[in-house]
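# Close look at the chain arrangement
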Amino acid sequence: MRGVNRVMLIGNLGKDPDVQHLEGNIAVAKFPLATTETYKDRTGKLISQTEWHTVVLWRGLAELAQKYLHKGSLIYVEGRLRTRNWDDKEGHRKFATEVVGDNLIMLDKRNDGGLHGHGGIDSPGIDGPGADDIPPISDASPDLPF
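Below is a summary of the structure that appears in this document. Computed from a predicted model, the values in this text were never measured in an experiment.

## Considering the overall build of the protein
Along its length, the protein carries 1 helix and 6 strands. Listed N to C, the secondary structure of the protein is β-β-β-β-α-β-β in terms of helices and strands. Total accessible area on the protein is roughly 9800 Å²; 50% of this is exposed by carbon and sulfur atoms.

## A closer look at the nonpolar core
Formed by 20 residues in total, the largest nonpolar core has its most connected members in Phe31, Leu33, Val55, Leu57, Leu69, Ile75 and Val77. What Ile75 contacts, discounting residues up to four positions off in sequence, is Leu9, Ile10, Gly11, Leu13, Phe31, Leu33, Leu69, Leu104, Ile105, Met106 and Leu107.

## Let's talk about the pairing of strand β5 (residues 74–87)
Judged from the 6 bridges that link them, strand β1 (residues 7–13) and β5 form a sheet pairing that is antiparallel. The residue bridging Asn12 from the neighbouring strand is Leu74, located in β5. Two elements, β5 and strand β6 (residues 93–106), share 13 bridges in a ladder whose sense is antiparallel. Paired with Asn85 across the strands is Phe95, a residue of β6. Hairpin connection from β5 to β6: 5 residues lie between these consecutive antiparallel strands, with Gly91 at a positive phi of about 85 degrees.

## Examining the pattern of salt bridges
When charged atoms on two side chains of opposite charge get close, those side chains can pair. On inspection of all chains with the given rule, the structure shows 7 salt bridges. The salt bridge partner of Arg6 is Asp102, with a shortest N-O separation of 2.8 Å. A residue pair is termed long-range when its members are at least 10 positions apart, and Arg6 in the segment before β1 and Asp102 in strand β6 qualify at 96 residues. Arg93 is the salt-bridge partner of Asp87, the closest N and O atoms lying 3.6 Å from each other. Under the relative-accessibility criterion, Arg93 is labelled partly exposed at 47%.

## Some thoughts on the pairing of β1
Here β1 runs beside strand β3 (residues 26–40); their pairing, made up of 2 bridges, is antiparallel. Among the inter-strand pairings, Asn12 is bridged to a residue of β3, identified as Ala34.

## Notes on unusual backbone geometry
A negative phi angle is the norm for most residues apart from glycine, just as the trans form is the norm for most peptide bonds. Of note in this structure, Asn25 is not a glycine but carries a positive phi near 60 degrees. Residue placement: Asn25 occurs in the loop between β2 (18–22) and β3. Classification of Asn25 as exposed rests on a relative accessible area of 56%. The backbone of Arg59 shows a phi angle near 50 degrees, a positive value even though the residue is not glycine. Here Arg59 shows up in helix α1 (residues 59–68). You can call Arg59 partly exposed: its relative accessible area is 30%.

Procedures and definitions
Within any chain, residue numbers begin from 1 and follow the written order of that chain's sequence. Whole-chain, interface and lining totals are the exception, using all residues; otherwise, since this is a predicted model, local features are given only for residues with pLDDT of at least 70 and side-chain atom pairs are given and counted only at 80 or more. Side-chain figures throughout are based on the complete set of non-hydrogen atoms in the structure, without hydrogens or water. Here a strand is any run of E in DSSP of at least two residues, a helix any run of H or I of at least four, and the numbering for each starts at the N terminus. For every accessible area listed, the method is Shrake-Rupley and the probe measures 1.4 Å; residues are considered covered only by the protein chains on display. As used in this record, nonpolar core signifies buried Ala, Val, Leu, Ile, Met, Phe, Trp, Tyr and Cys residues forming a set joined through side-chain atoms within 4.5 Å. With a 1.4 Å probe rolled over the protein chains alone, any residue whose accessible area is under 20% of its type maximum counts as buried; one over 50% counts as exposed, and the rest are partly exposed. What makes two residues a contact is simply this: any of their non-hydrogen atoms within 4.5 Å. For two strands to count as paired, DSSP must find a minimum of two bridges between them. A pair is scored as a salt bridge if a Lys or Arg side-chain nitrogen falls within 4 Å of a carboxyl oxygen belonging to Asp or Glu.

Have a look at this one:
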């Protein structure tokens, strides 16, 4: 049986995306994403719990992140988990688990009151349309899942 490695997150960027260009001018963006869950404890007190995730975007999505995302941006990102390991200078084994995104939707409100998104843009070598090519989604859309 095959496994499933799928992650869907909605959260805020903890800092501006760090974008680097690798050999062959391949863009890669990396940034922390905060997701917060809120619940009530037994006494009825509201408790917030924040988790931090490292998100990595490649190629066209990395370029979109560099152009449009900033600290505090609200986004939906979908992708897969990847764990890397390496040895540091002292020879200690280090691990990092990252979300490699292959779908990104920007959820911040625009000045005109609409939402804008880049859904369905795949990162493996496919550059999606520019932001100006994507029509805004009305706030009143009943199909939004959030």
